[in-house]
Amino acid sequence: MDFSAPFLTNYWPHLLAAFIGYFTIKFLARSLFGIEITRRFSHEYDPARQLDLERDEDENQGVSGGPQSFEDMTEHIPYRLKKYTEKETFRRAVEFYRMMDERRTVRHFSDDAVPLGVVQTLIKTAGTSPSGAHTQPWTYVVVQDFNLKCQIRKIVEEEEEINYRKRMSATWVKDLEKLRTTWEKPYLDVAPYLIMVFKQAYGVGPNGERINHYYSEISISISVGILLAAIQNAGLVTVTSTPLNAGPALRTLLGRPVNEKLLLLLPIGYPAHNATVPDLQRRDIKDIMVLM
């Protein structure tokens, strides 16, 4: 191609338009897709996370602030913990393990009543969990009203049917078949209580100011782990249900503020007399622990 002066004179409008178009497309691609591409490759692939239409975009971003003054520092107090003998320490560890090894995910509940005081104590136990900067970014909403439980079931099943039929991959659905898990959740209006675990993306101060929360999802995961142990210790059962994409509707139904996002839904109660669970085996210690 001849790039002599006559060529440039005749075709400079086309060349200018091409250059402008190229840089415009490059700018738009970076602006619209750059953050998403970075996010996608900065996390391990998780099908559930990819389908979560309500993903938080500002997790742990917070607002800038200076260091604490000495007046803001939390007072430290002496800490004493009873020290057991080596034999007693081992006995207690084994005893706790055996109790937790009996824990199973149960989807068949009895409607037998559970005292509310028991549930309150379970939540108090979950509240002993550590959290990022001690922000305690959790809200546990306990639902016992039957009509409200029915509404929750309706919302969850509507979204779950769409998940199973359209959003979830065929492989994912097939992996769940062996566990006999479907979009139908009849236990949601049978179990005496539903514990709705909300993550507070940020806190709200007494004057409406925004309070930073750090590592909210990890903090709540630890708290729920403690809750599961407490439920097992009380002789109750649960299933850790993740109501994918039903969160906004459930948040509205329960009247929760916009800074809260539903992470988990845990029905709790006694197992039905004819309850069954999959015959699954847990990994051996040599497969989950590395000693260095």
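Scoring rules and cut-offs
Residues numbered from 1 in each chain as written. Predicted model: local features only at pLDDT ≥ 70, side-chain atom pairs only at ≥ 80, totals over all residues. Heavy atoms only, no water. Helix = DSSP H or I, 4+ residues; strand = E, 2+ residues; numbered from the N terminus. Buried < 20%, exposed > 50% of the residue type's maximum accessible area, 1.4 Å probe, protein only. Contact = heavy atoms within 4.5 Å. Areas by Shrake-Rupley, 256 points an atom, 1.4 Å probe, with all protein chains shown as cover. 1 Å grid on protein atoms, 1.4 Å probe; cavity = no way out; pocket = protein on both sides within 12 Å on 5 of 7 lines; lining within 4 Å. Points joined across faces, edges and corners; volume = space filled by probe spheres on them. Nonpolar A, V, L, I, M, F, W, Y, C, P; charged D, E, K, R; others polar. Pairing = 2+ DSSP bridges. Core = buried A, V, L, I, M, F, W, Y, C linked by side-chain atoms within 4.5 Å. Expected span 1.5 Å × (residues − 1). Salt bridge = Lys/Arg side-chain N within 4 Å of Asp/Glu carboxyl O.

What the protein contains, in helices and strands, is nine helices and six strands. Scored against the burial criterion, the 292 residues of the protein give a buried share of 32%. Here the contacts in the protein between residues at least 6 apart in sequence split such that 80% fall between residues at least 24 apart. In the form shown here, the protein has an accessible surface area of approximately 20,600 Å², with 58% of it arising from carbon and sulfur atoms.

What the second largest pocket holds in volume is close to 310 Å³. Forming the walls of the second largest pocket are 15 residues, and the residues nearest its centre are Arg107, His108, Leu179, Arg180 and Thr181. Grouping the amino acids of the lining of the second largest pocket by side-chain chemistry returns five nonpolar, five polar and five charged.

This brings us to the pairing of strand 2 (residues 193–200). Most of strand 2 is tucked away, with eight of its eight residues classed as buried. Residues of strand 2 alternate between two faces, with Tyr193, Ile195, Val197 and Lys199 on one and Leu194, Met196, Phe198 and Gln200 on the opposite face, all of them buried. The pairing of strand 1 (residues 138–143) with strand 2 spans six bridges and is antiparallel. Within the sheet, the bridge partner assigned to Thr139 lies in strand 2 and is Phe198.

Turning our attention to the nonpolar core. Judged by nonpolar contacts, the single largest core of 21 residues is most densely connected at Tyr140, Ile195, Val197, Val224, Leu227 and Leu266. Of all the secondary-structure elements, those providing two or more residues to this core are helix 4 (116–126), strand 1, strand 2, helix 7 (216–233) and strand 6 (260–269). In terms of residue count, helix 7 provides more of this core than any other element does, six residues in total. One finds Ile155, Tyr187, Leu254 and Leu262 within the second-largest nonpolar core, a separate group that totals 20 residues.

The sheet built from four strands is open, its strands ordered 1-2-6-5 with antiparallel pairing. Each edge of the open sheet carries a strand with a single partner, namely strand 1 and strand 5 (237–238). Across eight bridges, strand 2 lies against strand 6 in antiparallel orientation. Bridged to Met196 within strand 6 is Leu265.

In a regular helix each residue adds 1.5 Å, so 18 residues correspond to 26 Å; helix 7 covers 26 Å between its end C-alpha atoms and thus fits that length. Within helix 7, the full set of buried residues consists of Ser216, Ser219, Ile220, Ser223, Val224, Leu227, Leu228, Ala229, Ala230, Ile231 and Gln232. Elements in contact with the buried residues of helix 7: helix 3 (86–101), helix 4, strand 1, strand 2, strand 5 and strand 6. With its phi angle positive at about 80 degrees, Gly235 sits one or two positions after the end of helix 7.

What follows is about unusual backbone geometry. As a rule of thumb, non-glycine residues mostly have phi less than zero, and peptide bonds are mostly trans rather than cis. One non-glycine residue, Tyr215, lies in positive phi territory at about 50 degrees. Its location among the elements puts Tyr215 in the loop between strand 4 (210–211) and helix 7.

Along the chain, Val173 falls in helix 6 (residues 170–177). Not counting residues within four places of it along the chain, the set of residues in contact with Val173 comprises Tyr164 and Met168.

Attention now moves to the pattern of salt bridges. Between side chains of opposite charge, pairing is possible as soon as their charged atoms come close. Tallied over the entire structure, the rule returns 11 salt bridges. Where Asp287 meets Lys286, a salt bridge forms, and the shortest distance between an N and an O atom there is 3.5 Å. A relative accessible area of 39% means that Asp287 is categorised as partly exposed. Taking relative accessible area as the criterion, Lys286 reaches 63% and is therefore assigned exposed. Each of Glu88, Arg91 and Glu95 takes part in salt bridges that share partners, so that together they form one network.

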